[in-house]
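Examining the three-dimensional arrangement
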Amino acid sequence: MSDTTKRPMPVWRRLALGLALPVVLAGAGTYVWVSGGRYVSTDNAYVKQDKVSVAPEVQGLVVAVHVGENMVVRRGDVLFEIDPQPYRLTLAQAEAAIAMARLNVERMRADLSQKRAELTEAEQELEFRQRDHDRQAKLAQNGYAAQAKLDETRNQLRAAEQRVAQSRQGVAAALADLGGDPAIATDSHPTVMQALATRDRAALDLERTAVHAPADGIASQTDRLRVGQFALPGLSMMSVVETQATYVEANVKETDLTHMQPGQTATIVLDAYPGRTLTAKVSSIGAGTGSEFSVLPAQNATGNWVKVVQ
């Protein structure tokens, strides 16, 4: 007759089995926490460099191109040139206009002096006519002069008064032409200042016929730039990809932003350099998703308010 009674499991074995499960669970949780539980990740990320569109500020024919595709340029390097001859002629005209404006100011001073002399002469004539009228009036009162002579002197007095008034208006007009200050500096006169401003504008336009690189970088899209092409102000002719700063624009889920803060360390792996890990820092967190800044941002107007992770 066989013995079917099972022997009890030793105590140490039961104890080992009881502790094994918590240890395994704790180890698995620790591994998840250490290896990925504390981190968020995304593969929806792109390496970015700022790009500057280069557009001339003046119009004209392109006469020279000094860059080629993917050429390294430094800030201030001449990229291309626009025909400067029309702007040189404009500058010469502006210089001539300045000389003419200065000459006109001197003519205004001479005119003011002439008007003042005419006023002095008219006032002296008025004094003489006033004395002559007073003398004829006394003679006519005593019966020694004819009334016709008195009327003649009265008309001459009125004419002298009108000439004085006209001369005073001429002086005021000449003084107004000088801005109310006969001692005004020639280059401070409004007409000369306007001519100087026009000259400065013409010189600036001439300087802008040489288009310079706005920053250090790499010339791009130069195939659109050809000698003989007509350039227009504000119309992009080429681009410069800046090389001062390279950054990564990463799109992460909104549920992963809870504990993300600027200044935290980030690890970057580039597809172009497999096996190489780069260390960076979070510089900022965008104020909205990319779709919010698109030309036509998406709007949920269907009444379906089911939460979807953005």
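Residues numbered from 1 in each chain as written. Predicted model: local features only at pLDDT ≥ 70, side-chain atom pairs only at ≥ 80, totals over all residues. Heavy atoms only, no water.

One open sheet holds the four strands; their spatial order is β2-β9-β7-β4, and the pairing between them is antiparallel. Among the strands making up the open sheet, the edge pair consists of β2 (51–54) and β4 (72–73). Bridging between β4 and strand β7 (residues 217–220) involves two bridges; their strand directions are antiparallel. Bridged to V73 within β7 is G217. (Pairing = 2+ DSSP bridges. Helix = DSSP H or I, 4+ residues; strand = E, 2+ residues; numbered from the N terminus.)

On to the sheet that holds strand β3 (residues 60–65), then. Read across the sheet, four strands follow the order β6-β5-β3-β8 without closing on themselves; strand pairing throughout is antiparallel. Looking at strand neighbours, the two that pair on one side only are β6 (210–212) and β8 (230–231), the edges of this open sheet. Pairing analysis gives three bridges linking β3 to strand β5 (residues 78–82), with the strands arranged antiparallel. Paired with V65 across the bridge in β5 is F80.

A few words on the packing of helix α2 (residues 85–142) against helix α4 (residues 190–207). Two elements in contact, α2 and α4, have axes whose closest approach is 8 Å; the angle formed by their N-to-C orientations is 165°. Judged by the inter-axis angle, α2 sits roughly antiparallel to α4. For α2 against α4, the interelement crossing comes out left-handed. Contacts between α2 and α4 involve Y87, R88, T90, L91, A94, E95, A97, I98, A101, R102 and V105 on the former and, on the latter, T191, V192, A195, L196, T198, R199, A202, A203, D205 and L206. (Axes fitted to C-alpha atoms, helices over the stretch in contact; angles between N-to-C directions. Parallel < 35°, antiparallel > 145°, perpendicular 65-115°, else oblique. Left-handed = near helix turned anticlockwise from the far one by under 90°. Contact = heavy atoms within 4.5 Å.)

A word on the nonpolar core. Within the largest apolar cluster, 17 residues are counted, with the highest numbers of intra-cluster contacts made by V54, V73, L79, F80 and M238. The element best represented in this core is β5, accounting for three residues. The next biggest cluster of nonpolar side chains, apart from the first, holds 14 residues, and it includes A101, A174, V192 and L196. (Core = buried A, V, L, I, M, F, W, Y, C linked by side-chain atoms within 4.5 Å. Buried < 20%, exposed > 50% of the residue type's maximum accessible area, 1.4 Å probe, protein only.)

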